[in-house]
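# Structure at a glance
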Amino acid sequence: MENKISLYRPPAPYPGEAAEGWRNFSNYLSSDPLGVIPKELYECAIFQFDDDNPRKFLVNEPKLLSRVLEEQQAIFPKGGGIAELLKPILHNGLVSAEGVDWQDQHEMVAPIFSNSSVRISFGYLQEALSSFVERLLTYSETGQTIKLAEEINFLVADVNFRCVFSKPIEIQLEHQCFNSIMKYEEEVAGTALDLKRFSGTGQPAFTEAALKTAENVRAVISQIIDEHMYNKPPNTQNFFQIFQEARVPSTGKRFTKSQLVDQVASIFLSSHETTSAALCWSVYILAQCPEIVERIRTEVQLVTACGRISYEHLPRLRFTRDVFKEVLRLYPPVLYLSRIAREDTTLGDTLIPKESMVIISPWVVHRHRSFWENPDMFDPDRFSRGEAKATLGSYFPFGLGPRMCTGASYVTFLGIKVIARLCSMFDFETVNTDEVRPDSTLYLKPSRPVLCKVHKRKFSK
Ligand code: HEM
């Protein structure tokens, strides 16, 4: 397969001279964190910001960040990050729990991400993707311009809903549930950028409006659960069934109703915006890279012998996988992971006082000048060249260690399947290409709206 392609630089600020005062992390974040990233941040191993209470450190060096995320999880529990901001909805679900409680839940929901369960989810993905493709076919016939994020948000909400409850989402329910979730995320996005609203222990101060929206989201999920339990389709396998059958390892007890809401909310919140952002960036980038799209098509044709893309084909779609991986390198939906030091400790030669906030940013490490060649360029072949292995720990869009994303392998399969199917059937043309920038309010999304036209390929299946 032809490997020589001209490299594309997707939108991102050039590292440069940042505005005065950037050494104070709270100032830096609440101005425009992706506006200009100081060169220094992309070149250092560890950086101490000026602000006190709590002290803040950015850790880039793979060995040090692996200590924080993997080896010393007990010293560096989660705090001050997105999980904290989502707590009013998640309560004590898997994403925000700590200690024994987290361990119990981790074990209880593990079957969701087993191979057999991922395979079942793949069936739900196929169904949701087929109705998405039907909508795109209509758009290609009418020639209308679509808002990419809206379409992809609906696709992902539909996949999630089918995986959890075995049925497609209706537009009305999507509005009630996923739109309220997005409304909540917009309401707390300001908090994420205003670290002054986090106390020394990483607890944010929420507005009344945000707390009310959170309550509303939980009430909608609770109602969906009630309706599902009343009208449950017989003999279906889905995430909700796994939650219902799970037992706390130490006591043998099942999840209570409120804990079931925690679990469903955890899945919806951790997967919706992240997956949508990754897919939006994928379509946006591929619209600018026709040679890469051609290589994906050739690979899909070779692997599937021009047939339907099945679950078994996915591991063989290596170039398509590397395209998705490269999208996640350049645009990791979770911009930073945050931990709070539980005791005085050191990282390398740097003293980390108790209650310091330790920030690890996939965005910065994925574009670090020491770990990557041409870090800002879109180059999916860097993975088959073994570049990422050269510095283990320099690529972690799903986090690292025990708190790593439980949906990582599932979402990788999803990304490969969606990219392969869409490229096989359509050409995408972005209308407002130059206006699109990364927007980092809570998750790293394209600034909206990405306007797009869809063209059906001749002879496509
Ligand atoms: C492209 C899509 C996704 C990205 C980039 C992503 C990224 C992440 C990251 C970085 C973390 C770790 C946060 C930390 O250590 O502070 C995480 C945790 C988590 N993710 Fe994802 N995620 C994605 C999709 C999903 C999906 C589809 C699901 C479920 C179906 C999911 C479920 C979870 C859960 C449950 C956790 C918490 C794990 C724990 O704390 O034990 N994620 N995700």
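Residues numbered from 1 in each chain as written. Predicted model: local features only at pLDDT ≥ 70, side-chain atom pairs only at ≥ 80, totals over all residues. Heavy atoms only, no water.

### Some remarks on the site of the ligand
Around the ligand, a shell composed of 24 residues is seen, among which W102, R339, R403, C405 and T406 lie nearest. For the shell around the ligand, the elements supplying multiple residues, two or more each, are α12 (257-288), β4 (337-340) and α18 (408-425). Broken down by element, the shell around the ligand gets its largest block of residues, 5 residues, from α12. Tallied by class, residues from the shell around the ligand come to 14 nonpolar, 7 polar and 3 charged. (Near = heavy atom within 4 Å. Helix = DSSP H or I, 4+ residues; strand = E, 2+ residues; numbered from the N terminus. Nonpolar A, V, L, I, M, F, W, Y, C, P; charged D, E, K, R; others polar.)

### Quick word on the coordination of the iron atom of the ligand
Exactly one protein atom donates to the iron atom of the ligand; that atom is C405 (SG), 2.3 Å from the metal. One can find C405 in the loop between α17 (387-390) and α18. (Donors = N, O, S within 2.8 Å, 3.2 Å for Na, K, Ca; no water.)

### Here's the deal with the pairing of strand β7 (residues 357-360)
Here β7 shows two buried faces, one formed by M357 and I359 and the other by V358 and I360. By the bridge criterion, 3 bridges tie strand β2 (residues 56-59) to β7 in an arrangement that is parallel. Note that in β7 the partner of K56 across the bridge is M357. Summarising the sheet, β4 and β7 pair through 4 bridges and their orientation is antiparallel. Paired with I340 across the two strands is M357, which belongs to β7. (Buried < 20%, exposed > 50% of the residue type's maximum accessible area, 1.4 Å probe, protein only. Pairing = 2+ DSSP bridges.)

### Some words on the environment of R321
Within the fold, R321 resides in helix α14 (residues 318-330). When the C-alpha positions of R321 and T412 are compared, they lie 7.4 Å apart, and in sequence the two are 91 residues distant. Not counting chain neighbours up to four residues away, the residues in contact with R321 comprise T412 and I416. (Contact = heavy atoms within 4.5 Å.)

### Some details on the pattern of salt bridges
Opposite charge on two side chains permits them to pair, given that their charged atoms come into close proximity. Summed over all chains, the structure comprises 21 salt bridges. Across the pair D376 and R9 runs a salt bridge whose closest N-O atoms are separated by 3.5 Å. With D376 in the loop between α15 (362-366) and α16 (381-384) and R9 in the segment before α1 (25-30), the pair connects residues that are 367 residues apart, well separated along the chain. Among the ionic pairs, R295 bridges to D381, the shortest N-O distance being 3.0 Å. Taken as a pair, R295 in helix α13 (residues 290-304) and D381 in helix α16 lie far apart in primary sequence, 86 residues in all. Overall, R295 belongs to the buried group, its relative accessible area being 7%. Bridged by salt links that share partners, the residues E326, R329, D379, R382, R385 and E387 form one connected network. (Salt bridge = Lys/Arg side-chain N within 4 Å of Asp/Glu carboxyl O.)

### Quick notes on the packing of aromatic side chains
Inspection of the entire model under this criterion finds 14 aromatic pairs. With centroids separated by 5.9 Å and ring planes inclined at 90°, the aromatic side chains of W281 and Y284 adopt a geometry described as edge-to-face. In this pair, W281 and Y284 both sit in helix α12, 3 residues apart, roughly one turn of the helix. For the pair shown, W281 and Y284 are each scored as buried. With a centroid separation of 5.3 Å and 45° between ring planes, the pair formed by Y311 and F413 is classed as tilted. Pair noted here: Y311 is in the loop between α13 and α14 and F413 is in helix α18, with a separation of 102 residues, a long-range link. Among the residues examined, Y311 registers a relative accessible area of 14% and is labelled buried. (Phe/Tyr/Trp six-rings, centres within 6.5 Å; stacked < 30°, edge-to-face > 60°.)

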